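# Structural overview
Read off the chains here:
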Amino acid sequence: MFTGIVECMGKVVEFAPLDTTESGGSGASLTISGAKEILGDCHLGDSIAINGTCLTVTEFSKDSFKVGLAPETLNRTNLGQLQPGSMVNLERALAAGHRFGGHFVQGHVDTTAEIIEITPDENSIWYKLQVQDKKLMPYIIPKGFIALDGTSLTVCDVNDDESWFTIMMIAYTQTHVVMPTKKTGDLVNIEVDMLGKYVEKVTTSILQGTGVDGGSAVTSQSYIEKIVERVLEKKALNK
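All of these numbers come straight from a predicted model, not from anything done at the bench. (Residues numbered from 1 in each chain as written. Predicted model: local features only at pLDDT ≥ 70, side-chain atom pairs only at ≥ 80, totals over all residues. Heavy atoms only, no water.)

### Considering the overall build of the protein chain
- The number of helices and strands found in the protein chain is five helices and 14 strands.
- Its C-alpha atoms give the protein chain principal-axis dimensions of roughly 70 × 45 × 35 Å.
- In the protein chain, which comprises 239 residues, the share counted as buried stands at 40%.
- Long-range contacts, defined here as pairs at least 24 residues apart, represent 63% of the contacts in the protein chain between residues at least 6 apart. (Helix = DSSP H or I, 4+ residues; strand = E, 2+ residues; numbered from the N terminus. Buried < 20%, exposed > 50% of the residue type's maximum accessible area, 1.4 Å probe, protein only. Contact = heavy atoms within 4.5 Å.)

Spelled out as structure tokens, the structure:
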């Protein structure tokens with residue numbers, strides 16, 4: 001679990017499509033340098049989010065670390081487009097007892113979005129992004145949360161018909177994340193708010209009569225009846 005508050009930016013040393021070393025596992029791997037700030041308490045097997053993608057550390061030193069990349073990860077994210085020298089956002093998994101500054105980010109990227117407009121506004125920047133998978137638009141709402149390359153941001157405008165949304169980035173954030181290094185046409189990893197997914201699944205299953213209550217199926221009518229009964233019981237107790 002992550003917060004979307006980027007801790008530092010790292011630099012890609014190598015993207016290996018086929019890493020036959022022990023730490024590469026005979027698959028794709030990514031090596032990141034400039035990460036000393038987040039490696040002081042690192043252990044093999046720890047999770048680190050790279051551009052919002054939760055990945056497992058397979059090798060590390062004082063300044064750099066390596067992660068493996070599964071085919072699913074390469075299909076859903078922009079990580080396969082990274083080149084040596086590319087900058088990436090880095091965040092360690094959330095530690096218990098720490099202040100929660102962003103929002104619940106799983107590090108499970110849903111899809112990518114293309115930057116279609118970049119508009120400066122005084123010391124801030126507007127970004128307009130078009131979502132690659134239109135099915136995700138119901139989870140993107142004005143003033144809602146969204147993670148862009150692992151950065152927790154607030155959605156501003158949304159156009160469901162054309163599958164785009166906007167965010168505004170303040171000056172401080174611009175100096176601490178990779179977004180300002182990108183240009184129109186570039187792809188950004190996005191993860192929508194997972195709470196919206198859970199709410200949709202629960203309400204849909206209830207309305208379709210496939211909800212579960214005590215191990216048995218519940219119809220939408222019986223569910224509504226139970227709610228009405230509880231309301232009436234509370235009113236009776238308050239008389």
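### Quick notes on the layout of surface pockets
- Taken as a whole, the largest pocket holds about 400 Å³ of empty space.
- Taken together, 18 residues make up the lining of the largest pocket; nearest its centre are E7, R92, A93, L94 and A95.
- For the lining of the largest pocket, the secondary structure elements donating two or more residues are β3 (47-50) and β6 (87-92).
- Taken together, the residues of the lining of the largest pocket break down into eight nonpolar, four polar and six charged. (1 Å grid on protein atoms, 1.4 Å probe; cavity = no way out; pocket = protein on both sides within 12 Å on 5 of 7 lines; lining within 4 Å. Points joined across faces, edges and corners; volume = space filled by probe spheres on them. Nonpolar A, V, L, I, M, F, W, Y, C, P; charged D, E, K, R; others polar.)

### Some remarks on the state of the cysteines
- Counted under the stated rule, the structure contains zero disulfides.
- Cysteine C42 remains unbridged, with the sulfur of C8 as its closest cysteine sulfur at 12 Å.
- Residue classification places C42 among the buried residues on the basis of a relative accessible area of 9%. (Disulfide = S-S within 2.5 Å.)

### Focus: the UniProt feature "repeat: Lumazine-binding" (unreviewed entry) in the protein chain
- Feature annotation in UniProt assigns "repeat: Lumazine-binding" (unreviewed entry) to the following positions: residues 1-103 and 104-203.
- End C-alpha to end C-alpha, residues 1-103 measures 10 Å, and it is 10% helix and 41% strand.
- Secondary structure content for residues 104-203 is 14% helix and 44% strand, and the end C-alpha separation is 21 Å. (UniProt positions renumbered as here; feature names shortened; annotations may be inferred.)

### What to know about the sheet that holds strand β8 (residues 124-131)
- Pairing in this closed barrel of six strands is antiparallel, and the strands run β7-β8-β11-β10-β9-β12 around the ring. Strand after strand, the sheet turns through a mean of 45° between neighbouring axes, direction not considered.
- As paired strands, strand β9 (residues 145-148) and strand β12 (residues 187-192) are joined by three bridges and run antiparallel to one another. Counterpart to A147 in the pairing with β12 is E191. (Pairing = 2+ DSSP bridges. Axes fitted to C-alpha atoms, helices over the stretch in contact; angles between N-to-C directions.)

### Quick notes on the environment of S33
- By secondary structure assignment, the location of S33 is in strand β2 (residues 27-33).
- Relative accessible area serves as the criterion here: at 17%, S33 is assigned to the buried category.
- Through-space distance from the C-alpha of S33 to that of M87 is 9.6 Å; in sequence the pair is 54 residues apart.
- With residues near it in sequence (within four places) discarded, S33 still touches G10, K11, V13, D63 and S64.

### Concerning empty space enclosed by the protein
- Counted by the stated rule, this structure contains one cavity of 30 Å³ or more.
- Considered as a void within the structure, the largest cavity measures approximately 60 Å³ in volume.
- Lining the largest cavity, in full, are F2, V6, A49, G52, N89, L90, E91, V105, G107, D149 and G150.
- In terms of residue count, β6 provides more of the lining of the largest cavity than any other element does, three residues in total.
- Along the lines of polarity and charge, the residues of the lining of the largest cavity split into five nonpolar, four polar and two charged.

### Thoughts on the side chain of D149
- Within the secondary structure, D149 sits in the loop between β9 and β10 (151-159).
- Within the structure, the side chain of D149 is placed 3.1 Å from the side chain of N78, a separation counted as a polar contact.
- There is a polar contact of 2.6 Å between the side chain of D149 and the side chain of K182.
- Leave out the neighbours within four places in its chain, and D149 touches N51, G52, N78, N89, V178, K182, V188 and N189. (Polar contact = N/O pair within 3.5 Å; in protein donor to acceptor, adjacent residues only side chain to side chain.)

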